[in-house]
Amino acid sequence: MAAQVETKESDLLDMAKYYENYILIDVGANLTSKKYGRDLDSVIQRAKDSGVQKIMVTGTSVKGSKEALRLTRIYPNTLYSTAGIHPHDAKSYTDESWAELKQLANNPECVAIGECGLDYNRNFSDPEDQKIVFKKHVELAIEMTKPIFVHERDAHEDLLKVLDEFHSKLPPVVIHCFTGTLEHALTYLDRGFYIGLTGYLCKDKSDVGVRKLLESGSLPLDRLVVETDAPFMYPNTRASKLPDNVKDSLTERSTMFLHRYCTFQRNEPCSLPAIVEMVAAFMNKKPEEVALATSFNAMKLFGLS
Ligand SMILES: [Zn+2]
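Not measured: the values here are computed from a predicted model. (Residues numbered from 1 in each chain as written. Predicted model: local features only at pLDDT ≥ 70, side-chain atom pairs only at ≥ 80, totals over all residues.)

Considerations on the sheet that holds strand β7 (residues 194-197)
Strand order across the open sheet formed by eight strands is β1-β2-β3-β4-β5-β6-β7-β8, with parallel pairing between neighbours. Edge positions in the sheet fall to β1 (24-29) and β8 (224-226), since each of these pairs with one other strand and no more. Strand-to-strand twist of the sheet, defined as the mean angle between neighbouring strand axes without regard to direction, takes the value 30 degrees. Pairing of β7 with β8 involves three bridges; the strand directions are parallel. The partner of Gly196 across the bridge, within β8, is Val225. Sheet strands in contact with helix α3 (residues 62-74) are β2 (52-57), β3 (79-83) and β4 (110-119), and its direction is about 160 degrees off that of β3. (Pairing = 2+ DSSP bridges. Helix = DSSP H or I, 4+ residues; strand = E, 2+ residues; numbered from the N terminus. Axes fitted to C-alpha atoms, helices over the stretch in contact; angles between N-to-C directions. Contact = placed C-beta atoms within 7 Å.)

Structural data, given as structure tokens:
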């Protein structure tokens, strides 16, 4: 693990005074995507200009986790990586590739195991294979005492079954890009898990989903982290279902980054300030407060220096 530097909330507050914008941490961006092949430098610079000081690059395969780790060496102290096999790719698991993933995960720049989990929405891999491979990730996270970065779609019950088998041994668990219901969120929060929110917030059409979770006040700030899941999950601030008070909460600065650099085809980490402003508006809190809390959570949780 990275050298543990004790971060205090007051340190972050002091730092914030030197910036005219938020200090944010994007805990999940797929920066190994070919979509950034030509201009990753600019993407990272824009992120920083927008206030995103650190980014965790998601590993979704052995090859991708290797590439994510390589990027952390090019942008030290800005990029961090995760190592995992996405449930879609569970079928590609082999003992040899797992040995390689373990080695990648052992590096200090790799701050979490994942993304891993269960996705029964599209079932690109057989659910039984998904469960076996997910369990391997949980065991690895316990062995390495690193947090688990979890992906779950339409697999809430089975996911809990796997995690509950390990209950007291579990390291911190982050349910990344949460898209479930309030009820599901409560069962995760009950177990002390963290919830990762993305631009999905703009897509949520349900009355019992992510928006409800925020509006109901059920999500404590100390359980929340934010992420873009770039290049996916573009936060469409023009979505018709988005309430006016949320649209009105967006600052000129955050929408400038969003509209100038991000599209449905290619979202970027610089969209994170807009996401934080919307999350804050739904929670009826100040965006500065959400920014501070989520950055603090991310630094503590993943041991970022
Ligand atoms: Zn995911």
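Having seen the model, we can carry on.
Notes on the nonpolar core
Taken as a class, soluble globular proteins show a tendency for nonpolar side chains to be buried jointly. One finds Val276 and Val279 to be the most contacted residues of the largest nonpolar core, which totals 89 residues. At nine residues, helix α11 (residues 272-283) tops the list of elements feeding residues into this core. For Val279, the contacting residues outside a window of four places in its chain are Leu197, Leu201, Leu214, Val226 and Val290. (Core = buried A, V, L, I, M, F, W, Y, C linked by C-beta atoms within 7 Å. Buried ≥ 20, exposed ≤ 12 C-beta atoms within 10 Å, placed from the backbone.)

Structural notes on the packing of helix α5 (residues 127-144) against helix α6 (residues 156-166)
As a packed pair, α5 and α6 sit with axes 10 Å apart at the nearest point and diverge in direction by 35 degrees. Handedness of the α5/α6 crossing: right-handed. Facing α5, whose interface residues are Lys131, Phe134, Lys135, Val138 and Ile142, α6 presents Asp158, Val162, Leu163 and Phe166. Taken together, the residues of the contact of α5 with α6 break down into six nonpolar, no polar and three charged. (Left-handed = near helix turned anticlockwise from the far one by under 90°. Nonpolar A, V, L, I, M, F, W, Y, C, P; charged D, E, K, R; others polar.)

Here we look at the environment of Val210
Within the fold, Val210 resides in helix α8 (residues 210-215). For the pair Val210 and Thr181, spaced 29 residues apart in sequence, the C-alpha separation works out to 6.4 Å. If sequence neighbours within four positions are ignored, Val210 has contacts with Phe178, Thr179, Leu197, Tyr200, Leu201 and Asp204.

Looking at the UniProt feature "binding site: a divalent metal cation 2" (unreviewed entry) in the protein chain
According to UniProt, the positions carrying the feature "binding site: a divalent metal cation 2" (unreviewed entry) are His151 and His176. Spatial clustering of the annotated residues is evident: they stretch over 26 residues in sequence, but the largest pairwise C-alpha distance comes to 5.7 Å. When you line up the elements, His151 lands in strand β5 (residues 148-153). A count of 26 C-beta atoms within 10 Å places His151 in the buried class. The contact partners of His151, leaving out residues within four places of it in the chain, are His86, Pro87, Glu115, Cys116, Gly117, Asp119, His176 and Cys177. Considering the arrangement of structural elements, one finds His176 in the loop between β6 (173-175) and α7 (182-190). Setting aside anything within four residues of it in sequence, one finds His176 in contact with Gly28, Glu115, Phe149, Val150, His151, Gly196 and Glu227. (UniProt positions renumbered as here; feature names shortened; annotations may be inferred.)

Considering the UniProt feature "binding site: a divalent metal cation 1" (unreviewed entry) in the protein chain
UniProt tags Glu115 and Asp229 as "binding site: a divalent metal cation 1" (unreviewed entry). On the basis of their most widely separated C-alpha atoms, the annotated residues across 115 residues gather in one place, lying no more than 11.2 Å apart. Judged by C-beta crowding, with 28 C-beta atoms within 10 Å, Glu115 ranks as buried. Setting aside residues no more than four positions away along its own chain, Glu115 makes contact with Thr58, Thr60, Thr82, Gly84, His86, Phe149, Val150, His151 and His176. Here Asp229 shows up in the loop between β8 and α9 (244-249). Owing to 24 C-beta atoms within 10 Å, Asp229 belongs among the buried residues under this scheme. Setting aside anything within four residues of it in sequence, one finds Asp229 in contact with Gly28, Ala29, Asn30, Cys177 and Thr198.

Points about the packing of α3 against helix α4 (residues 95-105)
Contact pair α3 / α4: the axes reach a minimum separation of 10 Å and the direction vectors enclose 20 degrees. Taken together, the axes of α3 and α4 are roughly parallel relative to one another. As α3 packs across α4, the resulting crossing turns out to be left-handed. Residue-level contacts link Val62, Ser65, Lys66 and Leu69 of α3 to Ser97, Glu100, Leu101 and Leu104 of α4. Classifying every residue of the contact of α3 with α4 gives four nonpolar, two polar and two charged. (Parallel < 35°, antiparallel > 145°, perpendicular 65-115°, else oblique.)

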